Amino acid sequence: MLKVQNEIGRLQRVLVHPPGRELLNLTPSTLEELLFDDIPYLKKAQEEHEIFRRILEGHSVETLCLEDLMAETLEQNPGLKDLFLDQYLKESSITAPHYRELVLEYFNAFKDPKELVLKTMEGISSKELEICKTSCLVDVVKRDTQMIINPMPNLYFTRDPFSVIGKGVSINKMHSATRSRETIYGDYIIKHHEDFKDIKLYYGRDDLFSIEGGDIFNFSEKIIGIGISQRTTPEAIQDIGMRLFYDFDTKVEKIIAFNIPSLRAFMHLDTVFTQIDKNAFLYHPGIMSSLRVFVLTKSSVSSRELKIREETGKLSDILSCHLELGDVKLFPCAGGDYITSQREQWNDGSNTLAIAPRTLVVYDRNEATNEMLKEEGYTLLEMPSSELSRGRGGPRCMSMPLERENL
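Residues numbered from 1 in each chain as written. Predicted model: local features only at pLDDT ≥ 70, side-chain atom pairs only at ≥ 80, totals over all residues. Heavy atoms only, no water.

This part takes up the overall build of the protein. A count of helices and strands for the protein gives 12 helices and 19 strands. A globule of 407 residues ought to have a C-alpha radius of gyration of about 22 Å, and the protein, at 21 Å, matches this closely. The buried share among the 407 residues of the protein stands at 59%. Nonlocal contacts in the protein, meaning residues at least 24 apart in sequence, comprise 71% of its contacts between residues at least 6 apart. Only carbon and sulfur atoms are counted for the fraction: they give 48% of the accessible area of the protein, which is about 17100 Å². Within the protein, one finds 49 positive and 63 negative side-chain charges whose respective centroids are separated by 2 Å. (Helix = DSSP H or I, 4+ residues; strand = E, 2+ residues; numbered from the N terminus. Rg over C-alpha atoms; globule rule 2.2 N^0.38 Å. Buried < 20%, exposed > 50% of the residue type's maximum accessible area, 1.4 Å probe, protein only. Contact = heavy atoms within 4.5 Å. Areas by Shrake-Rupley, 256 points an atom, 1.4 Å probe, with all protein chains shown as cover. Lys, Arg positive; Asp, Glu negative; His and termini not counted. Charge placed at Lys NZ, Arg CZ, Asp CG, Glu CD.)

Here you go:
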């Protein structure tokens with residue numbers, strides 16, 4: 001069962017992925033391609049993520065791991081492994097035909113489904129395949145020096161490839177090629193896992209336009225928010241709006257689109273804006289001068305068009321009006337201090353995960369933002385992040401809610 005119709009109701013079930021050996025295949029020369037700014041220390045990153053899971057589970061949140069669900073999917077469906085590996089290999093940019101055969105043979109040697117899934121996430125180096133000296137130039141060039149299949153180091157940010165919207169799901173079309181394979185797992189789980197296979201699919205990984213989960217907000221059963229960002233396009237919002245309004249039996253009546261600067265630092269809406277209470281939001285001051293807000297609604301059943309209106313005025317007034325919240329409070333990251341807010345936003349100070357109204361999981365390093373929220377009476381569940389934050393994502397990024405209580 002999936003049900004997420006708000007951002008702050010008591011969190012019941014959430015999808016996570018503890019960082020694994022995929023981080024060990026990051027190198028300085030591949031950081032930009034793989035969307036990292038530095039190489040996390042795996043052991044410490046795993047310890048930090050385990051604290052994150054303990055915080056959630058200590059507050060009665062069931063944590064499901066992506067690799068476990070995918071392994072269960074393969075176990076439940078004999079014969080699906082071959083289809084999965086075939087698709088995985090097609091999308092892994094293997095150019096040499098004999099490499100494909102070697103990799104397939106290597107994968108088929110794994111008897112435990114979970115070990116297989118983890119290995120597909122980790123990637124494969126040429127050294128692992130024990131490539132013999134041959135007359136093939138590709139072997140001479142790649143032997144012991146390069147990855148045959150790149151790792152997926154961003155997978156611990158489970159928010160992005162997979163998004164629950166109400167009682168359905170979007171398997172997202174990722175912006176960058178390096179993250180596109182991440183959505184294979186969610187696609188197979190939703191279509192084949194016994195607990196999820198009847199779920200409605202609102203958007204698919206093969207759709208044309210990119211949209212990522214860090215830009216998708218469930219404000220209520222009737223209203224969702226989507227960021228127009230570095231990684232989510234207006235075209236994708238238009239497409240998913242048409243489907244939610246016309247093609248599926250949903251209760252969504254309105255999409256609020258937030259156009260934020262297209263910058264690495266602001267890659268998703270949730271890096272600069274999160275909901276922390278029914279009528280309260282945390283935001284990064286750096287977006288306010290250029291922020292534009294659009295409201296999309298259904299035109300009529302017959303015309304299958306969208307009404308699009310740009311809103312003007314203060315963000316608090318726009319949110320108050322469209323979310324019917326009364327007085328809306330906006331709290332600036334780090335209290336609005338120019339330098340501190342930039343530093344703490346970079347370290348995910350604006351990326352909070354509400355597990356209940358006014359109860360937030362946050363990174364402990366963002367001291368100014370955390371102190372401000374404590375003074376306002378919020379309960380903060382602080383976690384370390386010296387290594388996790390190197391991937392540019394916070395507690396909301398590392399979690400994909402599957403079920404929340406209604407408010």
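Let us keep going from here.
Counted according to the given criterion, the structure contains 15 aromatic pairs. Considering the side-chain rings of Tyr156 and Phe157, the 4.2 Å spacing of their centres and the 45° angle between planes classify their relative orientation as tilted. On the basis of relative accessible area, Phe157 is assigned to the buried category, the value being 2%. Between Phe273 and Phe281, the aromatic rings sit 5.2 Å apart at their centres with planes inclined by 10°, giving stacked as the arrangement. Overall, the relative accessible area of 2% leaves Phe273 in the buried class. In textbook terms, an aromatic cluster arises when at least three aromatic residues are bridged by ring pairs, as seen for Phe84, Tyr88, Tyr106, Phe107, Phe110, Tyr185 and Tyr188. If you follow Arg358 out to its NZ or CZ, it ends over the ring of Tyr378, 4.1 Å from the centre. Note that Arg396 overlies the ring of Phe217, its terminal NZ or CZ placed 4.1 Å from the centroid. (Phe/Tyr/Trp six-rings, centres within 6.5 Å; stacked < 30°, edge-to-face > 60°. Lys NZ or Arg CZ within 6 Å of the ring centre and 35° of its normal.)

For the coordinates displayed, the defined rule picks out 25 salt bridges. In this structure, the salt-bridge partner of Glu122 is Lys119, at a minimum N-O distance of 3.0 Å. Here Glu122 and its partner Lys119 are both found in helix α5 (residues 113-122), three residues apart, which amounts to about one turn of the helix. As far as burial versus exposure is concerned, Glu122 and Lys119 are alike and both buried. (Salt bridge = Lys/Arg side-chain N within 4 Å of Asp/Glu carboxyl O.)

Another aspect to go through is helix α1 (residues 42-58). A rise of 1.5 Å per residue sets the reference length of α1, with its 17 residues, at 24 Å; its end C-alpha atoms lie 24 Å apart and thus fit the reference within 8%. Taken together, the buried positions of α1 are Leu42, Ala45, Glu48, His49, Phe52, Arg53, Ile55 and Leu56. Along the axis of α1, the buried positions cluster into a sector of 155°, meaning they face one direction only. Residues Lys43 and Gly58 are exposed on α1 and point more than 90 degrees away from its buried face. Lining the buried residues of α1 we find β1 (11-16), β2 (62-65), β16 (353-356), β17 (359-363) and β18 (379-383). Directly beyond the C-terminal end of α1, a positive phi value near 65° is found at Ser60. (Expected span 1.5 Å × (residues − 1). Arc of directions from axis to C-beta.)

Let us look at the sheet that holds β2. Read from one edge to the other, the open sheet built from three strands follows the order β2-β1-β19, with strand pairing classed as mixed. Each end of this open sheet is capped by a strand with a single partner; those strands are β2 and β19 (400-404). Going from strand to strand, the sheet's axes swing by 20° on average, the running direction of each strand aside. With four bridges connecting them, β1 and β2 associate as parallel partners. Considered in β2, the bridge of Val14 is made with Thr63. The strands touched by helix α2 (residues 66-76) within the sheet are β1 and β2, with β2 carrying the most contacts at an inclination of about 60°. (Pairing = 2+ DSSP bridges. Axes fitted to C-alpha atoms, helices over the stretch in contact; angles between N-to-C directions.)

Attention shifts here to unusual backbone geometry. Glycine aside, residues mostly have negative phi angles, and peptide bonds mostly take the trans form. In this structure, Ala334 is a non-glycine residue whose phi angle is positive, near 60°. Note on placement: Ala334 falls in the loop between β15 (329-332) and α11 (338-346). Ala334 sits in the buried class, given a relative accessible area of 10%. The backbone of Arg358 shows a phi angle near 65°, a positive value even though the residue is not glycine. Among the structural elements, Arg358 can be located in the loop between β16 and β17. Residue Arg358 is classed as partly exposed on the basis of its relative accessible area, which comes to 29%.

Locating Gly213 in the fold gives a position in the loop between β7 (201-203) and β8 (216-218). With 62 residues separating them along the chain, Gly213 and Gln275 place their C-alpha atoms 15 Å apart. In this structure, Gly213 is in contact with Arg159, Asp160, Ser163, Asn172 and Arg396, ignoring residues within four places of it in sequence.

Residues Glu72, Glu75, Asp112, Glu115, Glu194 and Asp195 make up a contiguous surface patch of negative charge. For Glu72, a relative accessible area of 30% puts it in the partly exposed group. (Patch = residues over 30% accessible without salt bridge, like charges linked within 9 Å, V, L, I, M, F, W, Y side chains within 5 Å.)

With eight of its 10 residues buried, helix α8 (residues 183-192) lies for the most part within the structure. When we look at burial in α8, the residues that qualify are Thr183, Ile184, Tyr185, Gly186, Asp187, Tyr188, Ile189 and Ile190. Of the surrounding secondary structure, the elements contacted by the buried residues of α8 are α2, α3 (80-90), α5, β5 (162-165), β6 (168-171) and α7 (177-180).

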